[in-house]
Amino acid sequence: MTISTARGARAAPAQLTERDLRGLLFTAEMYGVQLDLLADLLGLAPEGARRVAARWRRLGYADSARLGPGRPWVWLTRRGLAACGLRYAAAPPALSRLAHLRAVAAVRLVLESASGYRQAEAYWRSERRLRARMGGRVGLREHVPDGEIHFPNGSGVPYAGECWAVEAELTRKTVTRTAAIMRELLARTADYGAPAAEAAVPGRPPRHARVLYLCSPAARPTVTRAAATLGALAARIEIRDLPPAAALGGQGRP
């Protein structure tokens with residue numbers, strides 16, 4: 001892919017490799033990513049990921065800074081988002097969300113590396129993409145999951161054609177609040193961005209065949225108790241531990 005630089009037609013075009021495109025799109029969809037997880041995504045050593053991020057900065061596609069514990073964060077500029085064909089707002093990851101964004105990125109990397117995920121040709125729809133579909137509608141009170149996994153391929157996987165909601169839980173909510181979120185996700189019948197009246201229509205098939213919770217040790221007891229209040233619906237809740245790489249300030253492969 002060739003993209004002209006902002007200096008005009010006389011400037012040399014920027015050549016983006018397939019690896020660049022994969023990294024840029026992942027970084028955009030996840031709001032930002034820490035360098036060690038970017039290295040895992042691209043199959044590089046930490047120094048290689050640092051060089052990739054430095055090249056993106058030189059091209060004007062990304063910024064980076066040390067925002068909290070662990071490796072520096074990388075996020076896309078307005079120009080980088082435009083290169084990806086995305087209309088998200090260009091901003092660094094919010095400091096209050098760093099731990100959560102790190103956890104969701106680590107979860108996504110783990111799930112995308114699973115053999116069943118690849119066999120089903122699954123794909124991830126990020127929270128950022130779901131929120132963009134919803135636009136700026138005032139007064140909307142829908143819960144948006146941390147991501148969705150779509151399994152479009154029917155060859156040899158029992159969950160072909162399904163859509164799963166994914167939640168990364170680091171801190172404890174109340175059992176009542178957690179159970180309410182579970183019920184909302186399980187009852188949803190429409191895509192995000194649809195009119196509110198279509199969000200949960202009785203008699204229509206559910207949007208999410210399953211809700212996958214990946215929990216910290218602190219959050220797991222509450223999630224487990226909340227699922228136990230759902231009766232038969234609990235069969236569509238799956239609870240697992242967060243991967244070790246989900247910890248803010250952690251390093252190494254998820």
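Above this note sits the structure.
A brief look at the structure comes next. Values in this document were obtained by computation on a predicted structure and should not be read as measured data. (Residues numbered from 1 in each chain as written. Predicted model: local features only at pLDDT ≥ 70, side-chain atom pairs only at ≥ 80, totals over all residues. Heavy atoms only, no water.)

## Details of the packing of helix H8 (residues 175–187) against helix H9 (residues 220–228)
Okay, step 1: Relative to each other, H8 and H9 sit at 60°, their axes nearing to 8 Å. It follows that H8 is oblique to H9 by the angle criterion. The way H8 lies across H9 gives a crossing that is right-handed. Contact residues: H8 offers Val-175, Thr-178, Ala-179 and Met-182, while H9 offers Thr-222, Val-223, Arg-225, Ala-226 and Ala-227. (Axes fitted to C-alpha atoms, helices over the stretch in contact; angles between N-to-C directions. Helix = DSSP H or I, 4+ residues; strand = E, 2+ residues; numbered from the N terminus. Parallel < 35°, antiparallel > 145°, perpendicular 65-115°, else oblique. Left-handed = near helix turned anticlockwise from the far one by under 90°. Contact = heavy atoms within 4.5 Å.)

## Describing the pattern of salt bridges
Okay, step 1: Counted according to the given criterion, the structure contains 17 salt bridges.
Okay, step 2: We note a salt bridge from Asp-191 to Arg-125, for which the minimum N-O separation is 3.1 Å. Placement of Asp-191 in the loop between H8 and strand E9 (210–215) and of Arg-125 in strand E6 (residues 123–126) is noted, with a sequence separation of 66 residues between them.
Okay, step 3: Among the residues examined, Arg-125 registers a relative accessible area of 9% and is labelled buried.
Okay, step 4: Through salt bridges with shared partners, a single network forms among Arg-125, Arg-133, Glu-148, Asp-191 and Arg-207. (Salt bridge = Lys/Arg side-chain N within 4 Å of Asp/Glu carboxyl O. Buried < 20%, exposed > 50% of the residue type's maximum accessible area, 1.4 Å probe, protein only.)

## With respect to the side chain of Gln-34
Okay, step 1: If you trace the backbone, Gln-34 turns up in strand E3 (residues 33–34).
Okay, step 2: For Gln-34, a relative accessible area of 1% gives the class buried.
Okay, step 3: Looking at Gln-34, its side chain comes within polar contact range of the side chain of Arg-102, at 3.0 Å.
Okay, step 4: Aside from chain neighbours lying at most four places away, what touches Gln-34 is Pro-69, Gly-70, Arg-71, Pro-72, Trp-73, Arg-102, Leu-248 and Gly-249. (Polar contact = N/O pair within 3.5 Å; in protein donor to acceptor, adjacent residues only side chain to side chain.)

## Notes on the sheet that holds E3
Okay, step 1: The strand order E3-E5-E4 describes an open sheet built from three strands, whose pairing is antiparallel. The two strands at the open ends of the sheet, each matched to only one other strand, are E3 and strand E4 (62–65).
Okay, step 2: Judged from the four bridges that link them, E4 and strand E5 (residues 73–76) form a sheet pairing that is antiparallel. Within the sheet, the bridge partner assigned to Asp-63 lies in E5 and is Trp-75. (Pairing = 2+ DSSP bridges.)

## A few points about the pairing of strand E10 (residues 237–241)
Okay, step 1: Sheet topology note: the E9/E10 ladder contains five bridges and is parallel. Following the sheet pairing, Cys-215 is matched in E10 by Asp-241.
Okay, step 2: Read as a crossover between parallel neighbours, the route from E9 over H9 to E10 is right-handed. (Right-handed = clockwise from strand over helix to strand, strands pointing away.)

## Some thoughts on the environment of Asn-153
Okay, step 1: Topologically, Asn-153 is positioned in the loop between strand E7 (147–150) and strand E8 (163–169).
Okay, step 2: When the C-alpha atoms of Asn-153 and Tyr-117 are compared, they prove to be 9.8 Å apart, with 36 residues separating the residues in sequence.

## Topic: the packing of helix H1 (residues 18–29) against helix H3 (residues 46–59)
Describing two packed helices takes the angle between their axes plus the distance from one axis to the other.
Okay, step 1: Two numbers describe how H1 lies on H3: the axes approach to 12 Å, and their chain directions differ by 80°. As far as their axial angle goes, H3 and H1 are roughly perpendicular. For the pair H1 and H3, the contacting residues are Arg-19, Asp-20, Gly-23, Leu-24 and Thr-27 in the first and Val-52, Arg-55 and Trp-56 in the second.
Okay, step 2: Looking at the contact of H1 with H3, its residues break down into three nonpolar, two polar and three charged. (Nonpolar A, V, L, I, M, F, W, Y, C, P; charged D, E, K, R; others polar.)

## Description of the packing of aromatic side chains
Okay, step 1: Tallied over the entire structure, the rule returns four aromatic pairs.
Okay, step 2: A network of ring pairs unites the aromatic residues Tyr-117, Phe-151, Tyr-159 and Trp-164 as a single cluster.
Okay, step 3: Positioned above the aromatic ring of Tyr-31, the side-chain terminus of Arg-97 is 5.2 Å from the ring centre.
Okay, step 4: Above the plane of the ring of Trp-164 lies Arg-210, whose end atom (NZ or CZ) is 5.2 Å from the centre. (Phe/Tyr/Trp six-rings, centres within 6.5 Å; stacked < 30°, edge-to-face > 60°. Lys NZ or Arg CZ within 6 Å of the ring centre and 35° of its normal.)

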